Amino acid sequence: MRVLDHLLKAVRDAAVFNPEVQVAPACILWPDRDRQWEAVIPVLQAELPELMILGDYAPEKRIGPAIWLRCVIAGRAEDVSLPKDRTPIFYLPGVSRQDLRAVETCPDHLKPLAELQYRGVIWSQINAKDWTILAYLKSDQGGLGLGVAQDNDAKNAMQLALYRLLDEDVSLLKGKRLDKDYFNTMLTGGDPIRDLLQWLNARDGISESKDEVHWQAFIEVCKSQFAFNPQTEGVLTGCSRLAMHEGPWLVVWERFCEAPRRYPNIPEQILKCQYPSFDMFADEKTAGGWPQWNYEQEKQLHLELIALANIPAHKARATILELEKQHGRRRSLVWAELGDAPLAGALEHLATIAEITKSGLAAGSVDDLAAGYRSHGWRVDDGVIRALAQVESTADFDAVMTAIRSVYLPWVEESARYLQKLVDGASYPGGTCLTAKAAPFSPGDCVLFVDGLRFDAGKRLVGSLEACGFDISEEPAWTALPSVTATGKAAVTPVRDKIRGEDGSPDFEPSVADTGQSLKGGYHLKKLLTDAGWSILERSADCDGQGMAWCEFGDIDHEGHDRGWKLAKHIDALIVEVTDRITELLAAGWKRVRVVTDHGWLLLPGGLPKIDLPSALADNKWGRCASLKPGATSEERLYPWYWNPNQYFALADGVSCFKKGEEYTHGGLSLQECLTLQLTVTRGESAQAAASVEFTDVVWKGLRCTVAVDGNFSGLSLDVRSQAGNSLSSVVVGSKPLKDNGTASVVVEDEDMEGREATVVLVDANGSLVAQIATVIGGGNT
């Protein structure tokens, strides 16, 4: 029961009488000499239609002089009517019980009410004193019996907070100490830490947004709980104490760190404060609250990373690992979350690179080389991408680029040259079209080709798919040489046995074996697939999971060529897109999605080393490979073309490039370009169980879609999307859980969507797609 409910009952109960010996009181008088209750009387009037107020004539507000109140009792006040079953209550602000007692000395404007003290009753304490707020809250005889502080500060705060106190549950107030802090906190919203942070965030600290009552309460709370007076000390003093986060300010700092983006101006405010002098041994515990300290640390780290350009690789690795010990803890600070410690963020991944590259891969056989890369070497490439993803500014990029080139370039160069040496004396493990084994396929397989899915990107995709509950099997695979799309894509198709390379093909494009027609443009490749019984799925098509299908998706290689090192900032989004596509295909009914790719790539910020190959010697020169003119000779190693072992091409040594300034390229022979990961993705056990769901009905009535399903639909929800795998493309007001009978309905909110194609989907509690079916909004299935 609320305080308000108790108060209403207490006032009304004053009219209770014994009909055996008493007559009903004419009214209830409520004297309030100090006007303590006046602020909440409008609230009470809303609950008490019988409550009238002594004052200047305003009958629409149920206010009037004493004579008007007499008329109300007599039923002669035409402008107001009383409830027949209620005793009228007269609230008398500024009037005490004693004022009415002395009839002879009673002020003239009260004399019409004097005799009502005999015909009516006075709502008062058991000791005949008027009810004050403190008395009512504290007394256990007619009051609430709460533990209330009695000092003046508490009384003042109590009166200011009364209108909020009325809504509090009395049972929850029992046993609490209701002092000035409690009332002031209640008045300011009940969350003083939030209020303080919002005030500090308000740039100039203006108090105009708070009325005087709230402002004074806020001041009192700050003084009491944080030993801080916002009115006299100001915003910058508060921000300085926040940065130091000592004593009571520690909880304020922790709250700020939980959600710093809610208070975007606070860092700027702290920058205006007088920055204390810290000694050289200061760490994140003592100085971490100051963005100035973090900026100094970033600046020093920048200088240290830039200096790596002038030292050998082994010293650079040791330096990076030492820097990680010094700066790694800054990643736990709020400045890292706000993006103000990019170099500290990149350092985590630079340290991974430094640690792993202590040991080179260049040892043993090709199988040993590949095994080392599969177990840990790929993490170096992943570290390069993750380090670059941290930086935005040119200065930060320069520092990270320098560090990467100092430790990564020697490592990747060494492993590439060693692989090339092994292959030069034997044969390439990826073989040629004459030696490659045909991959087995079966009904229910959908082969998803992702252009440029490097080994480390494949590992990211595995992590993304596992998070969705899928089962994944991994199979390392060597690409076709040269490692370009023209050669490699055809080599991972199910029809590669029907493809060969023509003599004298300068662009590495193979042809249909039987007709000699070039696969360039894709038409003849798709025809080979369809003739072999494969369905071709376009980017958004899913089909029904029957037979076998070929699908192409993903823009990793395109983005790499367009963006260079900035591919690192987009790779995660590209992986999410591929994950969504696989999710859609499995939801459509495909038993397995086999992920294949044509090649990996080299990425080196600042550009790969340049090597010269005169244009006069080459028919066609790409970044890392070149087709030589008939009779031309070159110092570069020559390798047989995958599709025609009688035709040779030149590959750039190490990780060098025939073009200047290339940050992203492929076509050569290195682990990064040639050792890839093929994935087979199936539904996990939980997903398999949920997959036994079948749509039995999809009905549109206007923009409302109602579905019925059969099977294991427990815990599933219905949605309608323009893109099945993208939850952000939902076109309905909100997804709805399926009822126990397997039905649910949703409403499309945009009338302009009617007639457009969409997909009805079922998703589980994790948001993963379980089933889907194509539809036309407002008009049935496609």
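Rules used in this analysis
- Throughout this document, residue positions are counted from 1 along each chain, in the order its sequence is written.
- Where totals are concerned, whole chains, interfaces and linings use all residues; where local detail is concerned, this predicted model gives features only for residues with pLDDT of at least 70, and gives and counts side-chain atom pairs only at 80 or more.
- Only heavy atoms go into the side-chain values, all of them from the structure, while hydrogens and water stay out.
- Helical segments are the DSSP runs of H or I of at least four residues, strand segments are the runs of E of at least two, and each set is numbered from the N terminus.
- Between the two quantities, the radius of gyration covers C-alpha atoms and the globule rule is 2.2 Å times the number of residues to the power 0.38.
- Three labels apply to residues, based on accessible area from a 1.4 Å probe with only protein chains included: buried if under 20% of the type maximum, exposed if over 50%, partly exposed otherwise in between.
- The contact criterion used is simple: two residues touch if any of their non-hydrogen atoms lie within 4.5 Å.
- Every accessible area reported is derived by Shrake-Rupley at a probe size of 1.4 Å, with residue values counting cover from the shown protein chains alone.
- Two strands are said to pair when DSSP picks up at least two bridges between them.
- Under this definition, polar contacts are N or O atom pairs within 3.5 Å; protein pairs additionally need one hydrogen-donor-capable and one acceptor-capable atom, and for neighbouring residues in sequence, both atoms have to be side-chain atoms.
- Axis angles are defined between N-to-C directions and span 0 to 180 degrees, where every axis is a line fitted to C-alpha atoms and, for a helix, only to the segment in contact.
- Between 65 and 115 degrees an angle is taken as roughly perpendicular, under 35 as roughly parallel, over 145 as roughly antiparallel, and anywhere else as oblique.
- Each crossing gets its handedness from the near helix: less than a right angle anticlockwise from the far helix is left-handed, clockwise is right-handed.
- Working definition of a nonpolar core: buried Ala, Val, Leu, Ile, Met, Phe, Trp, Tyr and Cys residues. They are joined through side-chain atoms within 4.5 Å.
- By the convention adopted, Pro, Cys, Tyr, Trp, Phe, Met, Ile, Leu, Val and Ala count as nonpolar, Lys, Arg, Asp and Glu as charged, and the other residues, Gly among them, as polar.
- Using only the protein atoms, space was sampled on a 1 Å grid; points where a 1.4 Å probe fits but cannot get out form cavities, open sets with protein on both sides within 12 Å along at least five of seven lines form pockets, and lining residues are those with an atom within 4 Å of a point.
- Grid points are joined across faces, edges and corners, and a volume is the space filled by probe spheres set on the points.
- Patch criteria: residues need more than 30% relative accessible area and no salt bridge. Like-charged residues are merged within 9 Å; nonpolar side chains of Val, Leu, Ile, Met, Phe, Trp and Tyr are merged within 5 Å.
- A carboxyl oxygen of Asp or Glu within 4 Å of a side-chain nitrogen of Lys or Arg is what we treat as a salt bridge.
- For the purpose of counting charges, residues Lys and Arg are taken to be positive, whereas Asp and Glu are taken to be negative. His and the chain ends are not included.
- Here the site of a charge means NZ on Lys, CZ on Arg, CG on Asp, or CD on Glu.
- Two aromatic rings from Phe, Tyr or Trp, using only the six-membered ring of Trp, form a pair when their centres are within 6.5 Å; if the ring planes differ by under 30 degrees the pair is stacked, by over 60 it is edge-to-face, and anything between is tilted.
- Throughout this description, the term charge over a ring refers to an Arg CZ or Lys NZ atom that lies within 6 Å of the ring centre and within 35 degrees of the ring normal.

Q: What is the right way to look at the overall build of the protein in this model?
A: Within the protein, the secondary structure is distributed over 30 helices and 26 strands. Taking 782 residues into account, the globule formula puts the C-alpha radius of gyration at 28 Å, and the protein, at 40 Å, lies well above it. Reported as C-alpha extents along the three principal axes, the dimensions of the protein are approximately 135 × 75 × 40 Å. Counting only residues that meet the buried cut, the protein has 52% of its 782 residues in that class. Partitioning the intrachain contacts of the protein with sequence separation of at least 6 by distance along the chain shows that 68% fall at a separation of at least 24. Roughly 35,400 Å² of accessible area belongs to the protein as shown, and the carbon and sulfur atoms make up 48% of that amount.

Q: Which parts of the structure should I look at to understand the pairing of strand 2 (residues 51-54)?
A: Regular strands place their side chains on alternate faces of the sheet. Residues L51 and I53 line one face of strand 2 and the alternating positions M52 and L54 line the opposite face, and both faces are buried. Pairing of strand 2 with strand 4 (residues 89-93) involves three bridges; the strand directions are parallel. Bridged to L51 within strand 4 is I89. Examined bridge by bridge, strand 2 and strand 3 (residues 63-64) share two bridges and lie parallel to one another. Note that in strand 3 the partner of I53 across the bridge is I63.

Q: In this structure, what is going on with the side chain of Q36? I would like to understand it.
A: Considering the arrangement of structural elements, one finds Q36 in the loop between strand 1 (28-32) and helix 2 (41-47). With relative accessibility at 17%, the residue Q36 sits in the buried group. There is a polar contact of 2.9 Å between the side chain of Q36 and the backbone nitrogen of I133. Once you skip the residues sitting within four places of it in the chain, Q36 turns out to touch T132, I133, Q159 and L162.

Q: Where do I start with the sheet that holds strand 21 (residues 704-711) in this structure?
A: Strand pairing within a sheet occurs via backbone hydrogen bonds; the two strands may be parallel or antiparallel. Spatial strand order, 20-21-24: three strands in an open sheet with antiparallel pairing. Whereas interior strands pair on both sides, the edge strands pair on one side only; in this sheet they are strand 20 (693-701) and strand 24 (743-747). Strand-to-strand, the axes of this sheet are offset by a mean angle of 20°, without reference to chain direction.

Q: What am I meant to see in the packing of helix 19 (residues 313-327) against helix 23 (residues 394-424) here?
A: Packed helix pairs are specified by the crossing angle of their axes together with the interaxial distance, meaning the distance between the axes. Between helix 19 and helix 23, the least distance of the axes is 9 Å, while the angle of their chain directions is 130°. Viewed along their axes, helix 19 and helix 23 adopt a mutual orientation that is oblique. The way helix 19 lies across helix 23 gives a crossing that is left-handed. For the pair helix 19 and helix 23, the contacting residues are A313, A316, R317 and I320 in the first and A403, S406, V407, P410 and W411 in the second.

Q: What is the right way to read unusual backbone geometry from this model?
A: Leaving glycine out, the prevailing phi sign among residues is negative, and the prevailing peptide bond configuration is trans. In this structure, P482 follows L481 across a cis peptide bond, with omega equal to -5°. Of note in the backbone geometry, R62 takes a positive phi value of approximately 60° without being a glycine. Locating R62 in the fold gives a position in the loop between strand 2 and strand 3. Exposure remark for R62: the relative accessible area of 19% places this residue in the buried category.

Q: Explain the side chain of T579 to me, please; I cannot follow it from the model alone.
A: The topology assignment puts T579 in helix 28 (residues 571-587). Accessibility expressed as a relative area gives 3% for T579, which makes it buried. The contacts of T579, once residues within four sequence positions are left out, are L461, S464, L465 and C468.

Q: Would you take a moment to explain the pairing of strand 6 (residues 445-449) for this structure?
A: By the criterion of burial, strand 6 is predominantly enclosed, with five of the five residues buried. As defined by bridge partners, strand 6 adjoins strand 11 (residues 548-552) across four bridges and the pair is classed as parallel. Its bridge partner being in strand 11, F449 is matched across the sheet by E552.

Q: Help me understand the sheet that holds strand 3, please; the structure alone is not making it clear to me.
A: The five strands lie next to each other as 3-2-4-1-5, forming an open sheet whose pairing is parallel. Unpaired on one side and paired on the other, strand 3 and strand 5 (121-122) mark the two borders of the sheet.

Q: I tried to follow the nonpolar core on my own but got confused; where do I start?
A: Buried together is how nonpolar side chains tend to be arranged in soluble globular proteins. Within the largest apolar cluster, 117 residues are counted, with the highest numbers of intra-cluster contacts made by L350, I582 and V681. For this core, the leading source of residues is helix 23, giving 15 residues. With residues near it in sequence (within four places) discarded, I582 still touches L448, L461, L465, V593, V595 and V681.

Q: Could you clarify how one ought to interpret the packing of helix 18 (residues 291-306) against helix 23 in this entry?
A: Packing of helix 18 against helix 23 leaves a shortest axis separation of 8 Å and a crossing angle of 40°. The orientation of helix 18 with respect to helix 23, classified from their angle, is oblique. Of the two possible hands of crossing, helix 18 and helix 23 adopt the one that is left-handed. Side by side, helix 18 and helix 23 meet where H302, L305 and I306 of the first sit next to A395, D398, A399, T402 and A403 of the second. Taken together, the residues of the contact of helix 18 with helix 23 break down into five nonpolar, two polar and one charged.

Q: Help me understand the layout of surface pockets in this model?
A: Unoccupied space between atoms shows up once a probe the size of one water molecule is rolled over them. Space inside the largest pocket adds up to approximately 980 Å³. In this structure, the largest pocket is lined by 37 residues; those nearest its centre are D542, E584, A588, A724 and Q772. Of all the secondary-structure elements, those providing two or more residues to the lining of the largest pocket are helix 28, strand 20, strand 25 (757-763) and strand 26 (769-776). When the residues that make up the lining of the largest pocket are grouped by side-chain class, the tally is 15 nonpolar, 11 polar and 11 charged. Of the volumes computed, that of the second largest pocket is approximately 840 Å³. Around the second largest pocket, the lining is made up of 35 residues, and of these K437, A439, A477, R496 and Q678 lie nearest the centre. Going through the elements one at a time, strand 7 (470-478), helix 25 (485-491), strand 12 (592-596) and strand 19 (675-683) are the ones with two or more residues in the lining of the second largest pocket. For the lining of the second largest pocket, the element with the most residues is strand 7, which contributes six residues. Across the lining of the second largest pocket, the residue classes tally to 17 nonpolar, 11 polar and seven charged.

Q: Whenever I open this one, a negative patch on the surface confuses me. Can you help?
A: Taken together, the side chains of E749, D750, E751, D752 and E754 define an acidic patch exposed on the protein surface. Structurally, the position occupied by E751 is in the loop between strand 24 and strand 25. Overall, E751 belongs to the exposed group, its relative accessible area being 62%.

Q: Before we go on, may I ask you to explain the environment of S442 in this structure?
A: In this fold, S442 is placed in the loop between helix 23 and strand 6. The sequence separation of S442 and G547 amounts to 105 residues, and the corresponding C-alpha distance is 7.9 Å.

Q: In this structure, what is going on with the packing of aromatic side chains? I would like to understand it.
A: The relative placement of two aromatic rings is captured by the distance of their centres and the angle of their planes. Scanning all chains against the criterion turns up 31 aromatic pairs. Arranged with centres 6.1 Å apart and planes meeting at 55°, the rings of W253 and W335 form a pair that is tilted. Separated by 82 residues along the polypeptide, W253 in helix 15 (residues 249-258) and W335 in helix 20 (residues 334-337) bring together distant segments of the chain. Assigned by exposure class, W253 and W335 land together as buried. Sitting above the plane of the W601 ring, R454 keeps its charged end 3.8 Å from the centroid.

The values are spatial; any link to function lies outside them.
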